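Structural overview for review
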Amino acid sequence: EQLFSPVKNLQGLRITITAGPTREAIDPVRYISNHSSGKMGFALAQAAAAMGAEVTLISGPVQLTTPAGVTRIDVQSAEQMHQAALSAAVQSDIFIGCAAVADYRVAEIAADKLKKGAEAEMQLTLVKNPDIIAAVAALPQQRPFTVGFAAETRNVLEYARQKLLNKRLDMICANDVSASDRGFNSDDNALSVIWRGGELDLPKAPKQKLATQLITLISEHYKN
Ligand code: CTP
Ligand code: CA
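Below is a short write-up of the structure. (Residues numbered from 1 in each chain as written. Chains lettered and ligands numbered in written order. Predicted model: local features only at pLDDT ≥ 70, side-chain atom pairs only at ≥ 80, totals over all residues. Heavy atoms only, no water.)

Among soluble globular proteins, nonpolar side chains are generally buried collectively. Formed by 40 residues in total, the largest nonpolar core has its most connected members in Ile-15, Ile-17, Leu-44, Ile-96, Phe-149, Val-193 and Leu-214. For this core, the leading source of residues is helix H1 (residues 39-50), giving eight residues. Sequence-distant contacts of Leu-214, that is, excluding residues within four places in its chain, are made with Leu-44, Phe-149, Cys-173, Leu-191, Val-193 and Leu-202. In this structure, Val-136, Leu-139, Ala-150 and Ile-194 belong to the second largest nonpolar core, which totals 22 residues. (Core = buried A, V, L, I, M, F, W, Y, C linked by side-chain atoms within 4.5 Å. Buried < 20%, exposed > 50% of the residue type's maximum accessible area, 1.4 Å probe, protein only. Helix = DSSP H or I, 4+ residues; strand = E, 2+ residues; numbered from the N terminus. Contact = heavy atoms within 4.5 Å.)

Have a look at this one:
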């Protein structure tokens with residue numbers, strides 16, 4: 001049996017992908033975010049569209065061009081991404097959560113720029129953001145085949161397996177972000193893909209090559 005068929009026709013398949021970081025405002029000039037470049041999510045969108053799928057890409061703030069044939073929706077915060085993702089997910093066959101969603105947002109965004117006080121310390125109160133992919137996987141009807149990512153710096157496979165089960169995902173791609181030559185911001189990546197019935201290591205490769213392998217793998221498991 002061949003692991004990856006060379007060309008796969010995904011015509012008629014609707015795929016929604018989230019990508020990039022989210023940005024959580026503190027005040028009009030400051031925010032909390034992370035180092036996600038969006039490259040992996042954009043590579044997945046490009047690969048899926050090239051194979052004929054109908055792709056919606058929900059992106060946080062990134063410096064990347066929209067791949068040809070892809071419908072892009074730009075968002076800033078996790079709450080905005082949550083809304084856009086749920087609307088798109090109910091009309092999708094496959095949902096891939098590649099975004100590095102900020103786990104917390106500031107409880108109250110200041111209307112004006114915060115001024116530096118006399119005190120040596122300042123505190124921000126943070127509240128938890130909605131878990132977007134868990135919400136998609138919990139959709140009562142029209143639940144898409146749901147694929148997550150797990151960025152970890154230790155116990156990579158163990159944490160990823162826990163996320164697969166806790167979020168009720170169909171598949172998860174574990175990503176070791178402790179190495180600086182892959183993952184966040186890099187052009188290369190390596191993934192361990194885990195589903196209920198098995199596991200597959202996709203060794204270090206350019207994100208575009210990895211994306212084609214992953215979309216092929218997902219399309220083989222979708223509705224299996
Ligand atoms: N995710 C999401 N919404 C969030 C947080 C994460 O949809 N509020 C998704 C990510 O897009 C990814 C998966 O959940 O597909 C795992 O993200 P990760 O940050 O690794 O896991 P968390 O559940 O946030 O746990 P932690 O950060 O504590 O490891
Ligand atoms: Ca997180």
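Taken together, 14 residues form the shell around ligand 1, and within it Gly-97, Ala-99, Ile-133, Lys-163 and Lys-167 come nearest. One of the backbone N or O atoms of Ala-99 is found 2.8 Å from an oxygen atom in ligand 1. Between ligand 1 and Phe-149, the relevant distance is 2.9 Å, taken from an oxygen atom to a main-chain nitrogen or oxygen of the residue. Burial of ligand 1 by the protein chains amounts to 75% of its free accessible area of 570 Å². In this structure the site holding ligand 1 corresponds to the largest pocket. In terms of residue count, the dominant contributor to the shell around ligand 1 is strand E9 (residues 145-152) (four residues). Along the lines of polarity and charge, the residues of the shell around ligand 1 split into eight nonpolar, two polar and four charged. (Near = heavy atom within 4 Å. Polar contact = N/O pair within 3.5 Å; in protein donor to acceptor, adjacent residues only side chain to side chain. Areas by Shrake-Rupley, 256 points an atom, 1.4 Å probe, with all protein chains shown as cover. 1 Å grid on protein atoms, 1.4 Å probe; cavity = no way out; pocket = protein on both sides within 12 Å on 5 of 7 lines; lining within 4 Å. Sits in = over half its atoms within 2 Å of the grid points. Nonpolar A, V, L, I, M, F, W, Y, C, P; charged D, E, K, R; others polar.)

Taking 1.5 Å per residue as the helical rise, H1 with its twelve residues ought to reach 16 Å, and the 16 Å between its terminal C-alpha atoms agrees with that figure. Of all twelve residues in H1, nine are buried, a share of seventy percent or more. Every buried residue belonging to H1 is among Met-40, Gly-41, Phe-42, Ala-43, Leu-44, Ala-45, Ala-47, Ala-48 and Ala-49, and all of these are buried. At the exit of H1 stands Gly-52, carrying a positive phi of roughly 100°. (Expected span 1.5 Å × (residues − 1).)

Quick look at the packing of aromatic side chains now. With the rule as written, the count across this model stands at one aromatic pair. Seen from their ring centres, Phe-145 and Tyr-222 are 6.4 Å apart, and the 85° between their planes marks the pair as edge-to-face. Residue Phe-145 is located in strand E9, and its partner Tyr-222 is located in the segment after helix H5 (207-221); the two are separated by 77 residues in the primary sequence. Side by side, Phe-145 and Tyr-222 carry an identical accessibility label, which is buried. Just above the ring of Tyr-31 sits the side chain of Arg-23; from NZ or CZ to the centre is 4.2 Å. (Phe/Tyr/Trp six-rings, centres within 6.5 Å; stacked < 30°, edge-to-face > 60°. Lys NZ or Arg CZ within 6 Å of the ring centre and 35° of its normal.)

None of this, on its own, says anything about what the molecule does.
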